[in-house]
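# Breakdown of the fold
Given next are the chains, with one letter for each unit.
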Amino acid sequence: MYVCSCFGITDKQVRDHAAAGSCTPRQIASATKAGTDCGSCVRTIQGILGRGACPRREQLEKGNTAAVLAADPELTAVAASVPAVVPAPVPHLAEAA
């Protein structure tokens, strides 16, 4: 069954991408363009994805960000472009007084 008429994306393609780690309609759109034109298929894609297991989310919860980045070149590029943020030390109230 076609899910996205604009780009000819089927429910099987959505399920295949979900099995490969695309857990949200935005990630499906990034992989297939489904949902990026008229948007009428986004709710159907959400229904297909449901609230089931997500390999990417499971890896992140385990703290295995390297595996998630390795599986998605686009995320790797984004992660490389974001500077590391080191929080500034917060002085104690006693020191500030």
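Small disclaimer: the values here were computed from a predicted structure and weren't measured.

Let us now look at the pattern of salt bridges. In total, this model carries two salt bridges according to the counting rule given. Close ionic contact of aspartate 11 with arginine 15 constitutes a salt bridge, the shortest N to O distance being 3.8 Å. Here the residue aspartate 11 and the residue arginine 15 both occupy positions in helix H1 (residues 11-19), the gap between them amounting to four residues, near one helical turn. A relative accessible area of 45% means that arginine 15 is categorised as partly exposed.

What follows deals with unusual backbone geometry. Phi at lysine 33 is positive, roughly 75 degrees, even though this residue is not glycine. With respect to the helices, strands and loops of the structure, lysine 33 is situated in the loop between helix H2 (25-32) and helix H3 (42-49).

If you look at the biggest cluster of nonpolar residues, it comprises 10 residues: Val3, Cys4, Ile9, Val14, Ile28, Ala34, Cys41, Ile45, Ile48 and Leu49. Elements represented by at least two residues in this core include exactly strand S1 (2-4) and H3. In terms of residues, this core owes the most to one element, H3, which gives three residues. Setting aside residues no more than four positions away along its own chain, leucine 49 makes contact with Val14, Ala18, Ser22, Cys23, Thr24, Pro25 and Ile28.

So, about the state of the cysteines. Following the criterion strictly, the structure yields zero disulfides and no others. No disulfide involves cysteine 6; its sulfur sits 3.7 Å from the nearest other cysteine sulfur, which is in cysteine 38. We note that cysteine 41 lacks a disulfide partner, and the nearest cysteine sulfur, in cysteine 4, lies 4.0 Å from it.

What counts and what doesn't
- Residues numbered from 1 in each chain as written.
- Predicted model: local features only at pLDDT ≥ 70, side-chain atom pairs only at ≥ 80, totals over all residues.
- Heavy atoms only, no water.
- Salt bridge = Lys/Arg side-chain N within 4 Å of Asp/Glu carboxyl O.
- Helix = DSSP H or I, 4+ residues; strand = E, 2+ residues; numbered from the N terminus.
- Buried < 20%, exposed > 50% of the residue type's maximum accessible area, 1.4 Å probe, protein only.
- Core = buried A, V, L, I, M, F, W, Y, C linked by side-chain atoms within 4.5 Å.
- Contact = heavy atoms within 4.5 Å.
- Disulfide = S-S within 2.5 Å.

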